[in-house]
Amino acid sequence: MLRLLGALAGETLSLSFQPSREYNVWISERPGTGLAPPELDKLKQDCETVARACLEGQVPDYGLFAEDGVAWDRSVVTLITRIADDRPVAFNAMPQLDVIRGGASETVLHLGLVMVDPEERSSGLSWILYGLTCFALFLRQGLRPLWVSSVTQVPAVVGMVAETFSEVFPAQGSTPQSFSHRHLAHQIMHRHRQAFGVGEDAGYLADRQIIVDAYTGGSDTLKKTFAVAAKHRREEYNAFCERELDYGRGDDVLQIGKIDLAAGQRFLARSVPRSALPQLAVQAAMVLAGAVLVPLIQWLDPTRPYNRLRPLK
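Values in this document were obtained by computation on a predicted structure and should not be read as measured data.

Draft legend 1. A look at unusual backbone geometry. Of the consecutive residues phenylalanine 169 and proline 170, the connecting peptide bond is found in the cis state with omega at -5 degrees. With phi around 50 degrees, glutamate 167 is a residue other than glycine that occupies positive phi space. Residue glutamine 209 is not a glycine yet carries a positive backbone phi of 55 degrees. Relative to the assigned elements, glutamine 209 resides in the loop between β9 (203-205) and β10 (210-212).

Structural data, given as structure tokens:
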């Protein structure tokens, strides 16, 4: 048991489970630093397979697919494969962006690049690709709130972010822009544009958190018109995007929010299929055990160092 908990308390998260009889899910945190070369190469090939299926044989020039490969060292990658033939059908790459808040170092989880094979887009995988990884990391850090960000021009994604997370600005009507929203957004635009394929020449409207002419930094293949972009079931989010974004120019909205206990409860109640709840509960308990119990065990072990504490010689 102690060995298992010790593994869960490692520096990176690795989680595998089957949400249904059709699919396998694998979440790997910073695979570039934690996986053996053959495993990493296989993961890269699987993500590229999905990208080519989505973009008519092309792959983006940023994020996981940038030439320097740095994104593999700082992202959380969620891969979904079909059990019947082990074919990769979807992935999400969430970069972990370093920021400063309140004078201390923090990490913002960027919702990142999501791609789903066109043949699987009606299979109900969005709860895995958008919410599950955030929920797992929220548990992993002991239920402490985790800031998230999203850059998109797709109304369906704008609405999903606004309805899934807490304290989201913009597009969540009841939430005004706070100092934290503005400060985190400023740092993301200043330091992390390459994480979401926005060039240095793109403009930024801080009051509205709108990125102007965003598709110049490697994400060109993802630019859409409003007519083509997937719509949300609630018209307010579609109207927001049509009003605030210039699709001809190629604008994006930068949303900042957080996953906290309330957002976690909404995710479990609204997004997770009931058939997946039992196995998800088991996995969640194991991750939470690693986050809560292992530090206590390490603290009580007089033979091991813990942060600034050292064993008595």
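Draft legend 2. How the structure looks around the confidence of the model for the protein chain. Per-residue pLDDT for the protein chain has a mean of 83; in total, 81% of the residues score no lower than 70. Long-range and interchain partners of residues 1-9, a stretch whose pLDDT sits below 50, account for 15 contacts in this model, where long-range means more than four residues apart.

Draft legend 3. The arrangement of helix α6 (residues 179-191) in detail. Taking 1.5 Å per residue, 13 residues should reach 18 Å; α6 reaches 18 Å between its end C-alpha atoms and fits that length. The set of residues buried in α6 consists of Ser180, His181, Leu184, Ala185, Gln187, Ile188 and Met189. Looking at where α6 begins, the residue whose side-chain oxygen comes 3.4 Å from the main-chain nitrogen of serine 180 is serine 178.

Draft legend 4. How the structure looks around the pattern of salt bridges. Tallied over the entire structure, the rule returns 16 salt bridges. Here glutamate 119 ties to arginine 87 by a salt bridge, and the two come within 3.7 Å at their closest N and O atoms. You can see glutamate 119 sitting in the loop between β6 (113-116) and α4 (126-140) and its partner arginine 87 sitting in strand β4 (residues 87-101), a full 32 residues away along the chain. A salt bridge links arginine 208 to glutamate 244, with the shortest nitrogen-to-oxygen separation between them at 2.9 Å. Here the residue arginine 208 occupies a position in the loop between β9 and β10, and glutamate 244 occupies one in helix α7 (residues 235-244), the gap between them amounting to 36 residues. Of the residues examined, arginine 208 reaches a relative accessible area of 35% and is grouped as partly exposed. The structure contains a network of salt bridges with shared partners spanning Glu163, Arg233, Arg234 and Glu236.

Draft legend 5. Expanded view of the packing of aromatic side chains. Following the criterion strictly, the structure yields four aromatic pairs and no others. Pairing phenylalanine 226 with tyrosine 247 gives two aromatic rings, centres 5.4 Å apart and planes at 65 degrees, and the pair type is edge-to-face. A residue pair is termed long-range when its members are at least 10 positions apart, and phenylalanine 226 in the loop between β10 and α7 and tyrosine 247 in the loop between α7 and β11 (252-259) qualify at 21 residues. A relative accessible area of 10% means that tyrosine 247 is categorised as buried. Taken together through their ring pairs, the aromatic side chains of Trp127, Phe135 and Phe267 make up a single cluster.

Draft legend 6. Inspection of the side chain of glutamate 244 at higher detail. Polar contacts involving the side chain of glutamate 244 include one to the side chain of arginine 243, which spans 3.3 Å. Sequence-distant contacts of glutamate 244, that is, excluding residues within four places in its chain, are made with Arg208 and Ile210.

Draft legend 7. Main features of the pairing of strand β5 (residues 104-110). Of the strand pairs in this sheet, β4 and β5 are connected by six bridges, and their pairing is antiparallel. Looking across to β5, one finds that leucine 97 is bridged to valine 108. A loop of two residues connects β4 with β5, the two strands running antiparallel in sequence, and glycine 102 in this loop sits at a positive phi of about 65 degrees. As judged from the two bridges shared by β5 and strand β7 (residues 146-152), these two strands associate in the parallel manner. In the sheet register, histidine 110 faces β7, and the bridge partner there is serine 149.

Draft legend 8. Highlighting the packing of helix α5 (residues 155-164) against α7. The interhelical angle for the contact between α5 and α7, taken along N-to-C directions, is 120 degrees, at an axis separation of 9 Å. In this view, α5 runs oblique relative to α7, as classed from their interaxial angle. For the pair α5 and α7, the crossing hand works out as right-handed. Together, Pro155, Val158, Gly159, Ala162 and Glu163 of α5 and Tyr237, Asn238, Phe240 and Cys241 of α7 make up the contact between the two elements. Among the residues forming the contact of α5 with α7, the class breakdown is six nonpolar, two polar and one charged.

Basis of the calculations
- Residues numbered from 1 in each chain as written.
- Predicted model: local features only at pLDDT ≥ 70, side-chain atom pairs only at ≥ 80, totals over all residues.
- Heavy atoms only, no water.
- Helix = DSSP H or I, 4+ residues; strand = E, 2+ residues; numbered from the N terminus.
- pLDDT = per-residue confidence, 0-100.
- Contact = heavy atoms within 4.5 Å.
- Expected span 1.5 Å × (residues − 1).
- Buried < 20%, exposed > 50% of the residue type's maximum accessible area, 1.4 Å probe, protein only.
- Polar contact = N/O pair within 3.5 Å; in protein donor to acceptor, adjacent residues only side chain to side chain.
- Salt bridge = Lys/Arg side-chain N within 4 Å of Asp/Glu carboxyl O.
- Phe/Tyr/Trp six-rings, centres within 6.5 Å; stacked < 30°, edge-to-face > 60°.
- Pairing = 2+ DSSP bridges.
- Axes fitted to C-alpha atoms, helices over the stretch in contact; angles between N-to-C directions.
- Parallel < 35°, antiparallel > 145°, perpendicular 65-115°, else oblique.
- Left-handed = near helix turned anticlockwise from the far one by under 90°.
- Nonpolar A, V, L, I, M, F, W, Y, C, P; charged D, E, K, R; others polar.

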